[in-house]
Amino acid sequence: MRVLVVGASGFLGGEVCRRASDAGWSVVGTCHSGDITAPGVEARRLDVTDRAAVRALVADVRPDAVVSTPYRYDDWTVTADGAAHVAVAAAKVGARLVHVSSDALHGGRPSPYADDEPPSPVNAYGAAKAAAETAVRVVDPGAALVRTSLILGEGSKQIQLCREALAGRGALFTDMIRCPVDVTDLADAVLELADSTYAGLLNVAGADAVSRAELGLLVAERFDLDAAGLKTTTSAAAGVPGPGDVRLDSTRAAGLLGTRLRGVREFLAR
Ligand SMILES: NC(=O)c1ccc[n+]([C@@H]2O[C@H](COP(=O)([O-])OP(=O)(O)OC[C@H]3O[C@@H](n4cnc5c(N)ncnc54)[C@H](OP(=O)(O)O)[C@@H]3O)[C@@H](O)[C@H]2O)c1
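Residues numbered from 1 in each chain as written. Predicted model: local features only at pLDDT ≥ 70, side-chain atom pairs only at ≥ 80, totals over all residues. Heavy atoms only, no water.

Observations concerning the side chain of Glu133
Relative to the assigned elements, Glu133 resides in helix H4 (residues 124-139). Residue classification places Glu133 among the buried residues on the basis of a relative accessible area of 2%. In contact with Glu133, other than residues within four places in its own chain, are His99, Ser101, Leu105, Pro119, Leu145, Arg147 and Leu201. (Helix = DSSP H or I, 4+ residues; strand = E, 2+ residues; numbered from the N terminus. Buried < 20%, exposed > 50% of the residue type's maximum accessible area, 1.4 Å probe, protein only. Contact = heavy atoms within 4.5 Å.)

Focus on the packing of aromatic side chains
One pass over the full model with this rule turns up two aromatic pairs. Between the aromatic rings of Tyr71 and Tyr125, the centroid separation amounts to 5.5 Å while the plane-to-plane angle is 50 degrees, which identifies the pairing as tilted. Of this pair, Tyr71 sits in the loop between strand E4 (65-68) and helix H3 (76-92) while Tyr125 sits in helix H4; the two residues are 54 residues apart in sequence, bridging distant segments of the chain. Relative accessible area serves as the criterion here: at 32%, Tyr71 is assigned to the partly exposed category. Given the relative accessible area of 13%, Tyr125 is considered buried. (Phe/Tyr/Trp six-rings, centres within 6.5 Å; stacked < 30°, edge-to-face > 60°.)

Some details on the site of the ligand
Lining the immediate environment of the ligand, one finds 28 residues, of which Ser9, His32, Ser33, Gly34 and Tyr125 sit closest. Take Ser9: an N or O atom from its side chain is 2.6 Å from an oxygen atom of the ligand. At 3.5 Å, a backbone N or O of Val100 approaches an oxygen atom of the ligand. In the complex, 92% of the free accessible area of the ligand, which totals 910 Å², lies under the protein chains. Elements that contribute at least two residues to the shell around the ligand include exactly helix H1 (11-22), strand E5 (96-102), H4 and helix H5 (157-166). Taken together, the residues of the shell around the ligand break down into 12 nonpolar, 12 polar and four charged. (Near = heavy atom within 4 Å. Polar contact = N/O pair within 3.5 Å; in protein donor to acceptor, adjacent residues only side chain to side chain. Areas by Shrake-Rupley, 256 points an atom, 1.4 Å probe, with all protein chains shown as cover. Nonpolar A, V, L, I, M, F, W, Y, C, P; charged D, E, K, R; others polar.)

As structure tokens, then:
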């Protein structure tokens, strides 16, 4: 199997590369401003906003499968247009596509979201991820679209945020609820999907729903940090726009995939 990981310099993309390489796949990875640290990866530089460059690279690599991860939180061109460019290029060479989407395209509500629910974005990032999905589904109805939640693991931004708050720098929200997933579980699920024919949307997130404040306490316990000084607030009080309660129901993925999607209470347990 020859896989092209677009965004191999990123947190998830890097883990996908490591695990694909360990499994004996031939792995080509792209980076933009960063570098690829995963061993055994043929590295290429790529700007996904450059449609012609994306087509040329994918045509040159001729992968069996493409895993598409790039995004920039505040850049529509990368998140939405870039995803469309990757989908068009993959379809052109007949490659299987796994596109990584986000729970951020939901508006938030107390009940869990099923796999096929339409987006209801409440900020620009969510809208860009929704637009990316729309483009991918139109270009390649056979693609797998993975909606995921906070991605945790060694060196993840989310763990770092918790560590900062535990050190007294910043506060964690009690009203922002997510279903964090371990990066290794997510990478394994993505690779399983790359080697499958699953078409359409799929929630791939952890089994436990926790607030960011609860996540901070789990991180404190995991890394033996003092939680006494942890400050909490609400996103409403802090004036942070974005969805509050977004729980992804990953029951379908749990039945479909061999990879077990552990809950955060399990994978952060010591
Ligand atoms: N992190 C989370 O908690 C989370 C939650 C839900 C969904 N997701 C989704 O999961 C995916 C991966 O997230 P992540 O945390 O692994 O992201 P990340 O670590 O920030 O990596 C982003 C990747 O996008 C690449 N990129 C940015 N601009 C680019 C451009 N113009 N052209 C080509 N590549 C470009 C970056 O390359 P360089 O670094 O080389 O510039 C990097 O490889 C994203 O689609 C995100 O929406 C993430």
